[in-house]
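Report on the structure
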Amino acid sequence: MNPVDLTLYLVTDSSYHTKESFLRTIEEACQGGVTLVQLREKSGGRDYLQTAFQVKEIADRYRIPLII
């Protein structure tokens, strides 16, 4: 098992973003060298699950671990 690289750990907050700008920000962070992404939202449910899948798709493209 490879250790998790915590060099540049991104903890998300979508409070001040539209869905599109939130996902774009995560994409840009991944392009910029983030080594771990944590998805944190105050609400749960179906919207959270949909967002989680979208963020996972981005993180997977860059082979970056995602914590939900």
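Now for a description of the structure that goes with this document. Small disclaimer: the values here were computed from a predicted structure and weren't measured. (Residues numbered from 1 in each chain as written. Predicted model: local features only at pLDDT ≥ 70, side-chain atom pairs only at ≥ 80, totals over all residues. Heavy atoms only, no water.)

It is worth spelling out the sheet that holds strand S2 (residues 36–38) at this point. Spatially, 3 strands are ordered S1-S2-S3 in an open sheet, and the strand pairing comes out parallel. A strand with exactly one partner marks an edge of an open sheet, and here the two such strands are strand S1 (9–11) and strand S3 (66–67). Pairing analysis gives 3 bridges linking S1 to S2, with the strands arranged parallel. Looking at the pairing, valine 11 lines up with glutamine 38 of S2. (Pairing = 2+ DSSP bridges. Helix = DSSP H or I, 4+ residues; strand = E, 2+ residues; numbered from the N terminus.)

Structurally, proline 3 can be placed in the segment before S1. Residue class for proline 3 comes out exposed when judged on its relative accessible area of 74%. Remark: the alpha-carbon pair of proline 3 and lysine 42, spanning 39 residues in sequence, is separated by 28 Å. (Buried < 20%, exposed > 50% of the residue type's maximum accessible area, 1.4 Å probe, protein only.)

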